[in-house]
Amino acid sequence: MMSSVYSTRAGAGLASAINDRGSRVSTPTEDALARKPGIHLGDTVFRTVLYASAGVVVVSLFAILLIMFLGGRQAFETFGLEFIWSTQWNPVKDLYGALPAITGTLITSMIALVIAWPIGFGIAFFLTETCPRPLRSPLGVAVELLAAIPSIVYGMWGFFVLAPFMATYIQPWLTETFAFLPPIGDSFFWFAAPPIGVGLMTASLILAIMILPFIAATTRDVLITTPQLLKDGAYALGATRWETLTGAVIPAVRGSLFGAVFLGLGRALGETMAVVFVIGNATRMPDSLLAPSASIASVVANNFPESEPGSIKLAVLLALGFILFVVSFGVLAVARLLLRQERMS
Amino acid sequence: MRTLTRSHKARYARRHAVDFFMSALCMLAAGIGLVLLGLILWMLLSRGLAGLSLTVFTNSMASPDANGGLANAIVGSLIQVGIGTLFGAPLGMAIGIYLSEVGKKGRIASAVRFVNDILLSAPSVLIGLFVYQIAVAPFGGFSAIAGSIALALLAMPIVARTTEDILRLVPDAYRDGAIALGSRENQVIRKVVLPAAFGGILTGVLLAVARIAGETAPLIFTSLGNSNWSTDVTRPMASLPIAIYRYAGSPYPEWVSLAWTGALIITVGVLLLNILSRLSHALIAGRHAS
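Residues numbered from 1 in each chain as written. Chains lettered and ligands numbered in written order. Predicted model: local features only at pLDDT ≥ 70, side-chain atom pairs only at ≥ 80, totals over all residues.

J.: How should the overall build of chain A be read in this particular structure?
T.: Looking only at helices and strands, one finds 12 helices and 2 strands in chain A. Mapped in sequence order, the helices and strands of chain A form the string α-α-α-β-β-α-α-α-α-α-α-α-α-α. Looking at chain A as a whole, 46% of its 345 residues are labelled buried. Here the analysis covers contacts within chain A between residues at least 6 apart in sequence; of these, 75% occur between residues at least 24 apart. (Helix = DSSP H or I, 4+ residues; strand = E, 2+ residues; numbered from the N terminus. Buried ≥ 20, exposed ≤ 12 C-beta atoms within 10 Å, placed from the backbone. Contact = placed C-beta atoms within 7 Å.)

What follows is the structure, given as structure tokens:
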């Protein structure tokens, strides 16, 4: 079973050729072929290295899951499964719950996605269909380069430029305009909050700006790989560009398009540096969309310096990491399955 | 007949109006996106260039009034990214070779490919926590080597993915030719397939370097940062992203200015690496086409 395709194919071909000629002289080639296939030292070593490397990938993933779980076990043991939906966060009394961080992560990622996806899709459509041809390639490269900028740069810009702008212009306007919205229960007031600049909304915007080039680039890749035949067929029937997109292209690559969105979501969920600067780092349940809050990643990065090895706080951070990993794993798995489906067909 | 034509005309006009409107919206989206990102780059350039001077590259980090630079952070980043690439890149290449040449479409290879794709986009903050648990906590201290391990874990799946993609572009005729000459599997891969794809694999490595050079979160948990000059890999080491993180949140204008300059240096470096890898990729693609 382990014998390689290469050696058996080559061996069979050459050996029979020699037999056909009826040669009885033992050549070095013949000697080599007479050796059993599959136990060649070079091939064995080579394959072992390759298998071991492939093993490293699989082991890494499960090791991350296991180490996070083992490290965070103390938190689950102390607070029970309730840890996941408990809203307390009191470092003085060492009482912790995950829900504030989970809420912050979900709200910021969702708002970011809702903002970034339509714009990213628009950019992708523009780049593949309506953009003048000479500009397509340079603009496409520009988008991909922007996706490569380190997230800490986005975080800094958010902290020094976007947060003051939000505090001065956007937040007072939001508070005033949406004052009519009735609060949810007596704990969530939509946009009613003092305009301090940092908070859920600013973090969402920074996340949106950060994943925008990423979503645009992956969506563009999907649109570009659509078979030209499909588009030509639609155009031949007299469809406009937009009708070709909605009637022919999107139905054909729907899975991949969702895959690109989920990849963007995966990025937003785990993003640390862009968020930690602008979310306000207040680990409590947000009482409005403008309130300072925290995400799992920001809580972990922010509280880590004060967490002694072996302390319950460190266990809490690892447990939070475990939760984030499980959620990201789910989102990324869906993304990859959606993207693969199209690649196969 | 006439009514039919008229309704056709109306329909035609409406369809094209929708097309025009949606195309304009998409163009607007592209405009908004480019303006926003242009604003960020402009801010980075103007604030970063303001603090740029030779002392940034010659002096180590120091107190706000002592004319400090980022020399130790730049060297620390180079060391950690270098070691990380040294470990992560060969490992990634081996995985890519396995996926493309040995595992192919088999069940195990599909599983490995899937896991690799997940690792590729896994939150880097978790990689940092993981390496803290296995390489910092048990050995009782933060170290540059732990930071390098975290960066290697981040580089590995990137290189694996690009290597597989590139190897798949090597025509099967190359492999068949080598087999027909009686080559063994490892000879086919080492002497024919890999040389043909060498440039492309290098491109992937450059992309991975660009990606890990800007990583901040994993280093918070592993190499910690260091405000003094240190090249000892068993001890905490400074790095450019960590220096930016510390300085940007500080109350001293000198430090904030240095943080902008550091951010500019790192962004320019990352973009240059990306452009370089693109150019080499284009050159290789051009050679294959001719």
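Moving on from the coordinates now.
J.: How should the overall build of chain B be read in this particular structure?
T.: Counting its regular elements, chain B contains 11 helices and 0 strands. Along the chain direction, N to C, the helices and strands of chain B fall in the order α-α-α-α-α-α-α-α-α-α-α. The C-alpha radius of gyration of chain B comes to 25 Å, more than 25% above the 19 Å expected for a compact globule of 290 residues. Taken along the three principal axes of its C-alpha coordinates, chain B extends 85 × 65 × 35 Å. Across the 290 residues that make up chain B, the buried fraction comes to 51%. Sequence separation of 24 or more characterises 74% of the internal contacts of chain B that already satisfy a separation of 6 or more. (Rg over C-alpha atoms; globule rule 2.2 N^0.38 Å.)

J.: Just checking my understanding: could you explain the interface of chain B and chain A for this structure?
T.: Where the parts come together, the accessible area they lose is often given as the size of the interface. Contacts between chain B and chain A engage 68 residues on the former and 74 residues on the latter. Elements with a contribution of two residues or more to the side of chain B that touches chain A: helix 1 (2–50), helix 3 (71–103), helix 4 (107–121), helix 5 (124–136), helix 8 (185–213), helix 9 (217–220), helix 10 (240–248) and helix 11 (253–289) of chain B. When residues in the side of chain B that touches chain A are grouped by element, the largest group, 18 residues, is from helix 1 of chain B. The residue makeup of the side of chain B that touches chain A, split by class, is 48 nonpolar, 14 polar and 6 charged. (Nonpolar A, V, L, I, M, F, W, Y, C, P; charged D, E, K, R; others polar.)

J.: Honestly, the packing of helix 4 (residues 99–130) of chain A against helix 9 (residues 241–270) of chain A in this entry has me stumped. Any pointers?
T.: Two packed helices can be described by the angle between their axes and the distance between those axes. All names here are of chain A. Look at helix 4 against helix 9: their axes get within 10 Å of each other, and the N-to-C directions meet at 140°. The pairing of helix 4 with helix 9 is recorded here as oblique in orientation. Between helix 4 and helix 9 lies a crossing of right-handed hand. Along the contact surface, helix 4 presents Thr105, Ser109, Ala112, Leu113, Ala116, Trp117, Phe125, Glu129 and Thr130, while helix 9 presents Arg241, Leu245, Val261, Gly264, Leu265, Ala268 and Leu269. (Axes fitted to C-alpha atoms, helices over the stretch in contact; angles between N-to-C directions. Parallel < 35°, antiparallel > 145°, perpendicular 65-115°, else oblique. Left-handed = near helix turned anticlockwise from the far one by under 90°.)

J.: Looking at this model, I keep getting lost on the domain arrangement of chain B. Mind explaining?
T.: All names here are of chain B. You can read the domains of chain B as domain 1 (2–50) and domain 2 (56–289). With centres defined by C-alpha atoms, the gap from domain 1 to domain 2 works out at 37 Å. Counting from both sides, the interface comprises 6 residues of domain 1 and, opposite them, 6 residues of domain 2. Counted by class, the side of domain 1 that touches domain 2 contains 4 nonpolar, 1 polar and 1 charged residues. (Domains from an automatic or database assignment.)

J.: Looking at this model, I keep getting lost on unusual backbone geometry. Mind explaining?
T.: Despite not being glycine, tryptophan 190 of chain A shows a phi value in the positive range, around 55°. By secondary structure assignment, the location of tryptophan 190 of chain A is in the loop between helix 6 (151–177) and helix 7 (200–224). The class of tryptophan 190 of chain A is partly exposed, set by 18 C-beta atoms lying within 10 Å. In this structure, asparagine 67 of chain B takes a positive phi of about 55° despite not being glycine. Of note, asparagine 67 of chain B is situated in the loop between helix 2 (54–58) and helix 3.

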